[in-house]
Amino acid sequence: MPIELLRRGLLDRRRALIAWSLGVSAYVLLIAAIFPSIESSKELDRLVESYPDALKSLFGIGAGSLTSGPGFLDAELFSFMLPLFVLVLAIGSGARTLAGEEDAGRLELLLAYPVRRSRAVLAKAVGVAVEVALVCTTILVVLAVLDPLFGLDVASGRLAAAVAGLAVIGILHGWLAVGVGAAMASRTLALGVPAALAAGGYLIGGLHALANWLDPFRFLSAFWWVGSSPLQNGVREWGILVVAAAALAALAGAMLLFERRDLKVP
Amino acid sequence: MPAEPSSVAAAIETSGLSKTYRGGIAALVDLHLRVERGEIFGFLGPNGAGKSTTIRLLLDLIRPTAGRAVVLGLDSRRDGVAARRQMGYLPGDLRLADRLTAREQLDSLIRLRDSTAPLRGPLCERLELVLDRPIRELSRGNRQKIGIVQAFMHRPALVVLDEPTSGLDPLLQAEVRTLLRETAADGRTVFLSSHSLDEVQHTADRVGIIRAGRLIDIDRVETLRERARRHVSIAFGDRVDPSEFSALDGVSVEQTNDNLVRLSASESAMDAVVKAAARHQVVDLVSEPADLEEIFLELYREADDAN
């Protein structure tokens, strides 16, 4: 693998990564800081109880309660905002690193160097995974630090597993973006296809239990495989493996497809 | 193809190399070309003739629809990485990492190549490269210099240059020509494309002319220059009988207008033209080289006549 492509790619992204980490940390801090005032208001649980099932299902308000730390963080962070953050980062990065560079005409010179195409894709994909891992690690560390401060009372094993689920979903969609770029050199499609798949997967994962006709498609949702409300219910460990396997398949496809086609040149 | 040791094989050898793009556009048709080691080969043609397509096939950036290319004894597809290890390339439309400085860009490229760059320092000095400003702030000429340095810095056995002197001022163009000659003198090979005969005639040993995807002629540069007719305009002090010139071998008078005679002449006829003109009072004499398009037309005419 051409380490220089990975190294240069991450160096170019260092400012963006710092900004992402700070932004996510600030958001997590804000949410965690609200918890002590929610915890004491038992009326909230009664209010939420009256919400339509679809809404509760989508936002990870399940059997648990909003007034417990894990229930609160599941609903406020892990059901929607954190996946959104990580997916935007991963898909954006995956589309930029290959399709974006090719669109900008910058791959012509690099691929005229003694670099095998599949290895170049590998280096780019590893870069995406590192970005996702860095931001997810930040989330993990911030939540672990905030837990005792705000009395969140989240089991550390559950937290680590939840963040791992987040990371693996991010990497899958980031690598799909790399794969689409490897197949057809269009940044628009490299952004759009994984984003559409993520949105579809999210809806299926959230609603399949309520909409019978969606139920057979649940296997297509990375969110279903990892499981909802991870801090309350835990994640499916083997589900994480399935999503990781899908990510590896997307990467393998990307490496093969990029070897086969003509480079798009300015 | 017999496996020739890569040290003695031709620098470039293509057989039946063809590229048809989706939509049926034949960008390159059945190219048979052999470029020897130590040669400076000029690849000439108008824009869109297939020059860049050929170069990208040699570098395995795009894939042939038929035929093959062997570069330094290595198949451009199967052994592309090994071939590119010994090649340097300057793209026609160079896109660099705009946020980096030239120094960072060259550092990065050298690491990517995983080799040493013995010529980097001397080249940066010769071309007076601006090393420590972000590339996005540099002029087109200064960016082009970075491209030239990266193509030559690792002492490649084959340098492939797509329109190398575009954007460079005349002094730097001359410097690049010197660089090409030094490279060839070192036993290494230069393959450069251009749409201007003027750009290659001072450096190239041989020239291939490509038009609409087909190689229509390969010639030594001297031969081509002889064949290229010059356009000569002579302003005289008095009226002059144009038949004095049209009677000369290899000369045809195109236009006479009072004291002005415009004619076209082959290189070998120039001496006679000047001597004939010298019998009169000459006010001005302008000689322009024929442009490439005219040479093409002439080549086509010859091809038609042969049929």
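Scroll up to find the structure.
Every value quoted in this text rests on a predicted model; they were computed, and no experiment measured them.

Draft legend 1. Region of the structure containing the overall build of chain A. The helix and strand tally for chain A stands at 13 helices and zero strands. Scanning chain A from its N terminus toward the C terminus, one meets helices and strands in the order α-α-α-α-α-α-α-α-α-α-α-α-α. Taken over C-alpha atoms, the radius of gyration comes to 20 Å for chain A, in line with the 18 Å a tight globule of 266 residues would show. Looking at chain A residue by residue over its 266 residues, the buried ones come to 51%.

Draft legend 2. Expanded view of the layout of surface pockets. Size it by volume and the largest pocket reaches roughly 680 Å³. Around the largest pocket, the lining comprises 32 residues; the ones closest to its centre are Arg8(A), Gly9(A), Asp12(A), Glu101(A) and Lys124(A). Of all the secondary structure elements, the ones that give two or more residues to the lining of the largest pocket are helix 1 (3–12), helix 2 (14–39), helix 6 (81–103), helix 7 (107–111) and helix 8 (117–150) of chain A together with helix 3 (102–113) of chain B. Sort the elements by how many residues they give to the lining of the largest pocket and helix 1 of chain A lands first, with seven residues. Across the lining of the largest pocket, the residue classes tally to 13 nonpolar, six polar and 13 charged. In this structure, the second largest pocket encloses a volume near 320 Å³.

Draft legend 3. Geometry of helix 6 of chain A. Residue and element names in this part refer to chain A. With 23 residues, helix 6 should reach 33 Å at 1.5 Å per residue; the first-to-last C-alpha distance of 30 Å fits that figure. Its axis deflected by about 40° at Arg-96, helix 6 carries its strongest bend there. Looking at the residues trailing helix 6, positive phi occurs at Gly-105, about 80°.

Draft legend 4. Examining the pairing of strand 10 (residues 214–220) of chain B more closely. Residue and element names in this part refer to chain B. Judged from the six bridges that link them, strand 9 (residues 206–211) and strand 10 form a sheet pairing that is antiparallel. Bridge assignment links Val-207 to a residue of strand 10, and that residue is Asp-219. Between strand 9 and the antiparallel strand that follows it, strand 10, lie two residues; Ala-212 among them carries a positive phi value of about 50°.

Draft legend 5. Geometry of the side chain of Arg63(B). Along the polypeptide, Arg63(B) turns up in the loop between helix 1 (51–58) and strand 4 (66–71). The class of Arg63(B) is buried, set by a relative accessible area of 7%. Here Arg261(A) takes part through its backbone oxygen, which lies 3.3 Å from a polar atom of the side chain of Arg63(B). For Arg63(B), the residues in contact, after removing those within four places along its chain, are Arg117(A), Glu259(A), Arg260(A), Arg261(A), Asp262(A), Lys19(B), Leu57(B) and Arg77(B).

Draft legend 6. Main features of the pattern of salt bridges. Residues and elements named next belong to chain B. Summed over the entire model, instances satisfying the criterion amount to 32 salt bridges over all chains. Two residues, Arg-78 and Asp-79, come together in a salt bridge whose shortest N-O distance is 3.5 Å. Given a relative accessible area of 25%, Asp-79 falls into the partly exposed group. Sharing partners across several salt bridges, the network here consists of Asp-60, Arg-63, Arg-77 and Arg-84.

Draft legend 7. Spotlight on empty space enclosed by the protein. Residue and element names in this part refer to chain B. Scanning all chains against the criterion turns up one cavity of 30 Å³ or more. Pro-164, Thr-165, Val-176, Arg-177, Leu-180, Leu-192 and Glu-199 are the residues that line the largest cavity. Looking at the lining of the largest cavity element by element, the count peaks at three residues for helix 6 (residues 170–185). The residue makeup of the lining of the largest cavity, split by class, is four nonpolar, one polar and two charged.

Draft legend 8. Main features of the packing of helix 1 of chain A against helix 8 of chain A. Residue and element names in this part refer to chain A. Relative orientation of the contacting elements helix 1 and helix 8 amounts to 40°, with a least axis distance of 8 Å. Viewed along their axes, helix 1 and helix 8 form a crossing whose handedness is right-handed. Residues Leu-5, Leu-6 and Leu-10 of helix 1 form the contact with helix 8, whose participating residues are Ala-120, Ala-123, Val-126, Gly-127, Val-130 and Glu-131. The residue inventory of the contact of helix 1 with helix 8, partitioned by class, reads seven nonpolar, one polar and one charged.

Draft legend 9. The arrangement of the interface of chain B and chain A in detail. With 27 residues of chain B at the contact, the number on the chain A side is 26 residues. The junction of chain B with chain A conceals about 2,600 Å² of combined surface from both sides, 54% of it contributed by carbon and sulfur atoms. Three residues, Leu61(B), Arg95(B) and Leu112(B), lead the burial of chain B against chain A; their summed loss comes to 27% of the area buried on that side. For the interface between chain B and chain A, the tally reads three salt bridges. Here Asp262(A) ties to Lys19(B) by a salt bridge, and the two come within 2.4 Å at their closest N and O atoms. Summed over the shared surface of chain B and chain A, the number is 15 residue pairs in polar contact (both at pLDDT 80 or more). Listing elements by their share of the side of chain B that touches chain A, those giving two or more residues are strand 1 (12–21), helix 2 (80–85) and helix 3 of chain B. Per-element accounting of the side of chain B that touches chain A gives the leading share, five residues, to helix 3 of chain B.

Draft legend 10. Spotlight on the nonpolar core. Counting 151 residues, the largest nonpolar core has Leu73(A), Phe78(A), Ile139(A), Trp175(A), Phe152(B), Leu161(B) and Phe191(B) as the members making the most contacts within it. Among the elements that line this core, the one with the most residues is helix 9 (residues 156–184) of chain A, at 14 residues. Counting 14 residues, the second largest nonpolar core, distinct from the first, contains Val232(B), Val251(B), Ala265(B) and Val273(B).

Draft legend 11. Examining the environment of Ser287(B) more closely. Residue and element names in this part refer to chain B. Positionally, Ser-287 belongs in strand 14 (residues 282–288). Relative accessible area serves as the criterion here: at 36%, Ser-287 is assigned to the partly exposed category. When residues no more than four places from it in sequence are discounted, the contact partners of Ser-287 are Arg-230, His-231, Val-232 and Met-270.

Draft legend 12. Molecular detail of a positive patch on the surface. On the surface, Arg14(A), Arg15(A), Arg96(A), Arg187(A), Arg99(B) and Arg136(B) cluster together into a positively charged patch. By the element assignment, Arg15(A) lies in helix 2.

Draft legend 13. A look at the environment of Arg229(B). Residues and elements named next belong to chain B. Examined against the element boundaries, Arg-229 turns out to sit in the loop between helix 8 (221–227) and strand 11 (230–236). You can call Arg-229 partly exposed: its relative accessible area is 24%. The spatial distance from the C-alpha of Arg-229 to the C-alpha of Ala-265 is 5.1 Å, given a sequence separation of 36 residues. Ignoring sequence-local partners within four residues, the contact set of Arg-229 consists of Gly-250, Val-251, Ser-252, Ser-264, Ala-265, Ser-266, Pro-289, Ala-290 and Glu-298.

Basis of the calculations
- Residues numbered from 1 in each chain as written.
- Chains lettered and ligands numbered in written order.
- Predicted model: local features only at pLDDT ≥ 70, side-chain atom pairs only at ≥ 80, totals over all residues.
- Heavy atoms only, no water.
- Helix = DSSP H or I, 4+ residues; strand = E, 2+ residues; numbered from the N terminus.
- Rg over C-alpha atoms; globule rule 2.2 N^0.38 Å.
- Buried < 20%, exposed > 50% of the residue type's maximum accessible area, 1.4 Å probe, protein only.
- 1 Å grid on protein atoms, 1.4 Å probe; cavity = no way out; pocket = protein on both sides within 12 Å on 5 of 7 lines; lining within 4 Å.
- Points joined across faces, edges and corners; volume = space filled by probe spheres on them.
- Nonpolar A, V, L, I, M, F, W, Y, C, P; charged D, E, K, R; others polar.
- Expected span 1.5 Å × (residues − 1).
- Bend = angle between axes of the 7 residues up to and from the residue.
- Pairing = 2+ DSSP bridges.
- Polar contact = N/O pair within 3.5 Å; in protein donor to acceptor, adjacent residues only side chain to side chain.
- Contact = heavy atoms within 4.5 Å.
- Salt bridge = Lys/Arg side-chain N within 4 Å of Asp/Glu carboxyl O.
- Axes fitted to C-alpha atoms, helices over the stretch in contact; angles between N-to-C directions.
- Left-handed = near helix turned anticlockwise from the far one by under 90°.
- Buried area = accessible area lost by both parts, 1.4 Å probe.
- Core = buried A, V, L, I, M, F, W, Y, C linked by side-chain atoms within 4.5 Å.
- Patch = residues over 30% accessible without salt bridge, like charges linked within 9 Å, V, L, I, M, F, W, Y side chains within 5 Å.
- Areas by Shrake-Rupley, 256 points an atom, 1.4 Å probe, with all protein chains shown as cover.
- Lys, Arg positive; Asp, Glu negative; His and termini not counted.
- Charge placed at Lys NZ, Arg CZ, Asp CG, Glu CD.

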